[in-house]
Amino acid sequence: MINLDLAGIGVGPFNLGLAALLSSHGNLTSVFLERKPAFRWHEGLLLPGTTLQVPFMADLVTMADPTHPLSFLNYLATHDRLYKFYFYEHFMIPRQEYDDYCRWASEQLPNCRFGEDVIDVTHDTASDEFLVESRLASAARQQYRSRNLAIGIGTAPFLPQWARYRTAGSLLHSSEFRKRRSELSKCRRITIVGSGQSAAECVLALYNDLTPEMVAAGSSIQWITRSPGFFPMEYSKLGLEYFTPDYMHHFHQIAPSRRREIVANQGLLYKGISFSTIGEIFDLLYERSVGGRDPGLSLYSNCAVETLESAGPHGSFRLCIGHSHLDDKALVETDAIVAATGYRHAWPEWLGKLKGRVLDTCERGDLIVGEDFRARRSDGGKANIFVQNAETFHHGVGAPDLGLGAFRNAVIVNQLLGRERYRVSAPASFQHFGLPSQSDSSTISGDFYAHAS
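What you see is a predicted model, and the numbers here were worked out from it, not measured in a lab.

*Asks:* So what's going on with the environment of V215? Residues and values would help.
*Replies:* Note that V215 resides in helix α7 (residues 212-216). Among the residues examined, V215 registers a relative accessible area of 13% and is labelled buried. Considering only alpha carbons, one finds V215 and G296, 81 residues apart in sequence, at a separation of 5.6 Å. Excluding its chain neighbours within four sequence positions, the residues that come into contact with V215 are L210, D294, P295 and G296.

So, in structure tokens, the structure goes:
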């Protein structure tokens, strides 16, 4: 039995960042367990030409500790790429490089253990500690006793009910796109469902491969979404301030009963497509439609897939599509479907067993996660369960944003240390998300009357 201050479950970017910050504090013992054999980040969408949608400073540590040896800039220096990056002149780095950077960092952290699957977590009431049991690739078991947990298991690909239809045909989630791209290249008619960045990147990759000769022979791509359109993600400078600790603090001042509704109306802050990807797709459409040619790509908005069925012996599909404004339907036949339908939290079974007895839940059965990123205890215990990348209704639209990962981890490490090692209360935005304070109101009124007179 190994005794720890903190056991991290899952090693995605957020728990990896926490492991990186903890590497500076030798008085805290920790281990981070991941069932995958090595770090991999959205492996199915590491496509050529794709970049992060946040600046390179949203690495594992910089926004909490710019001098940390596991920063992205130090990664560049270690790999003799500083001057190359200097002349690259882009804030948004290639996704493949971010994946390589995180893997480089993980390989320098002995407290990150890959190929070790957590199979159970129980709570010891007498000591108020957590017992973690894992299974290694060799099938051997390992046990840990920890005073705190950090849950960073991430999300799993989500398929809507219609897409759970199983045939021999090519139906895949966008998370599998890179792995099954060669399979898609053999399909004549391909349909992509969804209107976020992942959908757009799949469309662009497939459209780049679609030659005029293939279109003339009957090949085509259809891009369908139930959303009102193919809109860009908000990227104005004041809009980006919604991804700051200031907005996260403001969000926790809002009554919990209103948070879900607010987040539901903020989709374009984090769900849209980048301007550059939209531009590339549009430019290809323009170029390939010269002279009245069929460009080979058709876009349909306000169209929701309702049903899916087999359309023949060769693995093709028939989709029933309903239009939300016209109150009408159409049938679409296709040889392959890429469902870019997002991700959902897939909480493990052992966490469900802790709910109620150890962890408090809301009326929907969700954990209640506070501003300090601790799940609220129902039994009065003091040991902490920190939750990484909880649902947006806990912390606002910034919850899954890489740029807030280091801040969240700084808050967690401060609590483990019992002191403010990292400054987490400094102002981060120019705008105020709440009401003016009394002193601000007095100043505004005084200035107004001075000018009026």
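*Asks:* Before we move on, can you summarise the side chain of S316 with the specific residues and values?
*Replies:* With respect to the helices and strands, S316 occurs in the loop between β14 (303-310) and β15 (317-323). Residue S316 is classed as buried on the basis of its relative accessible area of 9%.

*Asks:* Can you tell me about unusual backbone geometry, naming the residues and giving the values?
*Replies:* Its identity as a non-glycine residue notwithstanding, D80 has a phi of 55°, on the positive side. For D80, the position within the fold is in the loop between α2 (72-78) and α3 (82-88). You will see that A139, though not glycine, has its phi angle at about 80°, which is positive. By relative accessible area, which is 52% here, A139 ends up exposed.

*Asks:* Got a sec to walk through a nonpolar patch on the surface? Specific residues and values, please.
*Replies:* On the surface, a nonpolar cluster with roughly 450 Å² of combined accessible area is contributed by Y83, Y86 and F87. Relative to the assigned elements, Y86 resides in helix α3. You can call Y86 exposed: its relative accessible area is 56%.

*Asks:* Mind laying out the pairing of strand β10 (residues 170-173), listing which residues take part and the relevant values?
*Replies:* Of the two faces of β10, the one holding S170 and L172 and the one holding L171 and H173 are both buried throughout. Where β10 lies against strand β17 (residues 336-339), four bridges are found, and the strand directions are parallel. The residue bridging S170 from the neighbouring strand is A336, located in β17.

*Asks:* Can you break down the pairing of strand β8 (residues 148-151) residue by residue, with the values?
*Replies:* The alternating pattern of β8 places N148 and A150 on one face and L149 and I151 on the opposite face, and all of these are buried. Where strand β2 (residues 6-9) and β8 come together, three bridges link them in parallel fashion. Bridge pairing links I9 to I151 in β8.

*Asks:* So, empty space enclosed by the protein: which residues are in play, and what are the values?
*Replies:* Counted by the stated rule, this structure contains two cavities of 30 Å³ or more. The volume enclosed by the largest cavity comes to roughly 80 Å³. Along its surface, the largest cavity is lined by W347, K355, D366, L367, V369, V387, A390, E391 and H394. Classifying every residue of the lining of the largest cavity by side-chain character gives five nonpolar, one polar and three charged. Counted as a void, the second largest cavity has a volume near 60 Å³. Looking at the lining of the second largest cavity, the elements with two or more residues in it are α1 (13-22) and α13 (405-417). Of the residues that constitute the lining of the second largest cavity, the class distribution is seven nonpolar, three polar and one charged.

*Asks:* Please give an account of α13 that cites residues and values.
*Replies:* Look at α13: 18 Å from first C-alpha to last across 13 residues, which is about the 18 Å you get at 1.5 Å a residue. Counting buried positions along α13 yields 12 of 13 residues, so the element is predominantly enclosed. For α13, every residue scored as buried is listed here: G405, A406, F407, R408, N409, A410, V411, I412, V413, N414, L416 and L417. Looking one or two residues beyond α13, the residue adopting positive phi is G418, at roughly 75°.

*Asks:* Please set out the sheet that holds strand β19 (residues 384-387) residue by residue, giving values where relevant.
*Replies:* Strands sit in the order β4-β3-β2-β8-β19 across an open sheet of five strands; the sheet is parallel. Two strands lie at the open edges of the sheet, namely β4 (112-114) and β19, each paired on one side alone. The average angle at which neighbouring strand axes cross in this sheet is 20°, direction not considered. Two elements, β2 and strand β3 (residues 30-34), share four bridges in a ladder whose sense is parallel. Paired with G8 across the two strands is F32, which belongs to β3.

*Asks:* Provide a residue-level description of the state of the cysteines, including the pertinent values.
*Replies:* For the coordinates displayed, the defined rule picks out zero disulfides. Here C102 is not disulfide-linked; the sulfur of C112 is the nearest cysteine sulfur, at 11 Å. For C102, a relative accessible area of 0% puts it in the buried group.

*Asks:* Tell me about the packing of α1 against α13, residues and numbers included.
*Replies:* Two elements in contact, α1 and α13, have axes separated by 9 Å at closest approach and are oriented at 50°. Relative to α13, α1 is oriented oblique. As for the relative orientation of α1 and α13, their crossing is right-handed in sense. Residue-level contacts link F14, G17, L18, L21 and L22 of α1 to G405, A406, R408, N409, A410, I412, V413 and L416 of α13. Split by residue class, the contact of α1 with α13 holds nine nonpolar, three polar and one charged.

*Asks:* Any chance you could break down the side chain of H123 for me, citing the residues and the numbers?
*Replies:* Structurally, H123 can be placed in strand β5 (residues 116-124). Within polar-contact distance, the side chain of H123 engages the side chain of D128 at 2.8 Å. A polar side-chain atom of H123 sits 3.3 Å from a polar atom in the side chain of R377.

*Asks:* Could you give an account of the packing of helix α6 (residues 197-209) against helix α10 (residues 275-288), with specific residues and numbers?
*Replies:* Close contact between α6 and α10 brings their axes to 10 Å; oriented N to C, the two are set at 35°. The handedness of the crossing between α6 and α10 is left-handed. Residues Q197, A200, E201, V203, L204, Y207 and N208 of α6 pack against T277, E280, I281, L284, L285 and R288 of α10.

The rules behind each value
Residues numbered from 1 in each chain as written. Predicted model: local features only at pLDDT ≥ 70, side-chain atom pairs only at ≥ 80, totals over all residues. Heavy atoms only, no water. Helix = DSSP H or I, 4+ residues; strand = E, 2+ residues; numbered from the N terminus. Buried < 20%, exposed > 50% of the residue type's maximum accessible area, 1.4 Å probe, protein only. Contact = heavy atoms within 4.5 Å. Patch = residues over 30% accessible without salt bridge, like charges linked within 9 Å, V, L, I, M, F, W, Y side chains within 5 Å. Areas by Shrake-Rupley, 256 points an atom, 1.4 Å probe, with all protein chains shown as cover. Salt bridge = Lys/Arg side-chain N within 4 Å of Asp/Glu carboxyl O. Pairing = 2+ DSSP bridges. 1 Å grid on protein atoms, 1.4 Å probe; cavity = no way out; pocket = protein on both sides within 12 Å on 5 of 7 lines; lining within 4 Å. Points joined across faces, edges and corners; volume = space filled by probe spheres on them. Nonpolar A, V, L, I, M, F, W, Y, C, P; charged D, E, K, R; others polar. Expected span 1.5 Å × (residues − 1). Axes fitted to C-alpha atoms, helices over the stretch in contact; angles between N-to-C directions. Disulfide = S-S within 2.5 Å. Parallel < 35°, antiparallel > 145°, perpendicular 65-115°, else oblique. Left-handed = near helix turned anticlockwise from the far one by under 90°. Polar contact = N/O pair within 3.5 Å; in protein donor to acceptor, adjacent residues only side chain to side chain.

Just geometry here; none of it tells us what the structure is for.
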